[in-house]
Amino acid sequence: MFQSPITSFFRRNEPVLIVVLAIAIAVFGWIDPRFLTAGNFVSITQQSAVIALAAFAMTAVIIARGIDISVGSALAFAGVVAGLVFTATGSAVATLLAAIVSGAAIGLLNGVLIGFGGISPFIATLATMAFARGLSLSLSHASSLEITDPAILYAGRATFGLIPVSVVIAAIVLCLWWFVLRRTVYGRWIYAIGGNAEAARVSMVPVNLVRISVYLISGATAGLGAILTIGRLGSAQPLAGTGLEFTAITAAIIGGTKLSGGQGSIWGTAVGALLLGVINTGLSFLQVPQIIIYYVTGALILVAVLSSQPEAISRLVRSARPRTISAAPTTGAAGADGPAHSISLVGIGKIFPGVKALDGVSFTVSAGEVVALAGENGAGKSTLVKCISGVYRPDEGQLVIDGMPVSFSSPNDAKGISVIHQHFSLSPDLTVAENMFVGREPRNAFGLLDRRRMRREAKAILDELSLDIDVDIELRALSVGRQQMVEIARAVLSDAWFMVMDEPTSALSNRERDQLYTLIAKLRARGAGILYISHKMEEIFTQCDRVVVLRDGKFIGERKTAETSEAEIVSMMVGREVDDIFPHLEAEIGETAIEVKDISNGRLLKSASLSVRCGEIVALAGLMGSGRSEVLRLIAGLETLHDGSIEVFGERQAGGGIKAANRAGIVYVPEDRHLEGFVGPMPIRDNLSLAWIRGNSRFGILSMRKISALARELIGSLGVRPAQPGKMTMELSGGNQQKVVIGKWLATKPRIILLDEPTRGVDVGAKSDLHHLIAGLKQKGAAILMVSSELPEVLGVADRIVVMREGRSVGELPRGVTEEEVMALAFGETSRTAKMPQPRTLSAAANVPLGANAR
């Protein structure tokens, strides 16, 4: 299925705005033909020019995930300063420079407060708005300053034929902004910062400097707007620019710029500014009260936002439909004496524009059993969970609970069903008890919150589940694993009998994982049915009774875990045989690439020593909190070295941050790809080239031909699917997102690759692809240092294993050791360590040939 031309048309703001603009002009002209006169259009374009100038800069600010509500006051301040300079000097040049410089000064103040001070953009610009307006009034004594020099008035009054000079200036600025945002490294940085500032920072983007510069340009643009305003009015007005910030923001939003950052069109803003000018002038022309103009402008914003988000309209329409819910009783999990609940999916299908996400999915989960839902990223698992929990309404098939068909209009209708997400839906600032009762808080006889009952019932559930958690402690004080236990207890408290657990162990330590397994057994004994989503085969076979497999949105089959094998399940998931998920390939060993001695970050990491040579993979193993990731971040320049030394190819690194590390040939693939790995709203092509463009762009101008060639090469070599360079990275599956993150750094031709949990949250097929890629890089001579919490992964791919415990490296093990031997070092269990081969000391490890490690 494909999007229709009409749907594609209405998903773009510019064409819609042009149609609305034409209709507005036609309507106003029909009501009053005088609206269509040339003089009126000249007036409209002159008014729109100042709006457009401010809106262009505002677009860049919003794309960078900021806001500037000081532009109107900055314009007034710049105008007053220009007026004072003209009065004092009579110089046109000095007056024009004073306007731009004073506007830029306000912008610079905003940038410093936001970029270096860390103050919220709204608060910072709110403060400077009041500050600049106060200065304007005090410096001018609340009076206008007359300016008569024709050179100063020229930009605001003169025309080229029928075209005002101010419009020509706005058009030039429009073209400059388009070029900057689309064809320069600086523009790419603006989009990257707005889409994901942390990922941009890790990609060597100077985040704070870019933010400061954007506000500086916004202020300077306000100064240019002041010059045009002075030209129109013949004087500098201390109250000029009032409301300009609202109009500029409105023009940007109408033009398609997202307040969430990372997305925006300068051409859309231009049409939006012109549309606002037409509507404001038209309504004023018809003598419509100003309050009505505000209503119309607000309605325009809503229409513009909704027209670009048809899914929002769909939700509104769906929520307005009559609810037709016919659900079975859901009075808690079925215990020994309770009802035996079951949920059946019968031919479930879900269709989105351009794709059929689910097609004929059918299976049943009964009370007291745990069923695994397996499939590659993008197989339809998340969509299926949303259909079960009421987020989506299936387009085909039906849900059957306890033999009765049900239809959910929202998650609130899905009584008895709870989803334990990988990213929790809890509030860190609330207590455990408060979190467990969010949305259904009990009240006492006076209508007040019954906290005593909340604590009592929360403690009863936690005791029943054998969870030793203080109900009065703030959630943020708990570990990730214990927070997850609270979310499960919350589901039990809400009488949920069917639970979906989505990658529940992805961020847990081994001890927390074992606690979760115990809790699952208790839930099963209470009669709960569990749909368990995991990419870890050992969990599927140890925790689940059956496994249901999806591929490309289709139901492939189900197997009892006792009657199948890992190889069969993997084959069903990927549609092909996967011989070796964690391949180990031999490679020629080269020189020592990294040697670290007793490094510390002054906090969690106390002392770590290791070495990595070209052509080998060294894995860091240990429990969560042992300091593994900190070692990588110190080497990558993301944290400050407190003690010890780092040598790269024999040269001591004296710091300098991530840029210096990258110049030395080091790249870092972070643990959390969503936080530091990629910029979601940016296409695959731009993410792959984000770190590369800094050193491969002449005079800061992008070579689109080279970028496209680089993207095609990396997409092909990495096997990114779909192979569409223009597709948004956030729309890819987890495995393909990880390939994009790795590809971004491969583009810089690294010699040392630091991998922190490289396959976390990706499916089996993607794991195999990634590790074949990593092994291939090793064979080409790369030195690879890897952190992984999956011991099978560590044992499968590593040439050597360095074990961390309590912030220290405690030993090194050769290839071929067992999980028990690694964990003995990780836990510091001397009785078990005595039975295993004595680990080599780290100082001697660098002199042991690879052959000895591999045997």
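Further up the page is the structure itself.
Residues numbered from 1 in each chain as written. Predicted model: local features only at pLDDT ≥ 70, side-chain atom pairs only at ≥ 80, totals over all residues. Heavy atoms only, no water.

(A) Representation of the packing of aromatic side chains within the structure. In total, this model carries 4 aromatic pairs according to the counting rule given. Measuring from ring centre to ring centre gives 5.7 Å for W497 and F498, while their planes differ by 50 degrees; the resulting arrangement is tilted. For the residue pair W497 and F498, the accessibility class agrees, reading buried in each case. Clustering of aromatic rings is evident, with ring pairs tying together F28, F35 and F41. R751 extends its terminal NZ or CZ atom over the ring of F649, reaching a point 3.7 Å from the ring centre. (Phe/Tyr/Trp six-rings, centres within 6.5 Å; stacked < 30°, edge-to-face > 60°. Buried < 20%, exposed > 50% of the residue type's maximum accessible area, 1.4 Å probe, protein only. Lys NZ or Arg CZ within 6 Å of the ring centre and 35° of its normal.)

(B) Main features of helix α20 (residues 510-526). Between the first and last C-alpha of α20 there are 25 Å, a value that for 17 residues agrees with the 24 Å anticipated at 1.5 Å per step. Taken together, the buried positions of α20 are E512, L516, Y517, L519, I520 and L523. Buried residues of α20 fall within an arc of 165 degrees about the axis and therefore sit on the same side. Exposed residues on α20 whose side chains face more than 90 degrees from its buried face are R511 and A525. Buried residues in α20 make contact with β7 (370-374), α19 (480-493), β11 (498-502), β12 (529-533) and α21 (537-543). One or two steps after α20, the chain reaches G527, where phi turns positive at roughly 100 degrees. (Helix = DSSP H or I, 4+ residues; strand = E, 2+ residues; numbered from the N terminus. Expected span 1.5 Å × (residues − 1). Arc of directions from axis to C-beta. Contact = heavy atoms within 4.5 Å.)

(C) Summary view of the sheet that holds strand β18 (residues 643-648). With antiparallel pairing, 4 strands are arranged side by side in an open sheet as β16-β15-β18-β19. With partners counted over all chains shown, the strands left at the sheet margins are β16 (608-613) and β19 (651-652), one partner each. In the packing of helix α23 (residues 628-635) onto the sheet, the strands contacted are β15 (592-600), β16 and β18, and the crossing angle to β15 comes to about 115 degrees. (Pairing = 2+ DSSP bridges. Axes fitted to C-alpha atoms, helices over the stretch in contact; angles between N-to-C directions.)

(D) Quick look at the nonpolar core. Residues M436, L523, V631, L754 and L785 are the most contacted members of the largest nonpolar core, which totals 222 residues. Sort the elements by how many residues they give to this core and helix α3 (residues 38-63) lands first, with 14 residues. The contact partners of L523, leaving out residues within four places of it in the chain, are L465, I488, V492, M499, M501, A528 and I530. In terms of nonpolar packing, the next biggest core, distinct from the first, is built from 28 residues, V365, L373, V385 and L531 among them. (Core = buried A, V, L, I, M, F, W, Y, C linked by side-chain atoms within 4.5 Å.)

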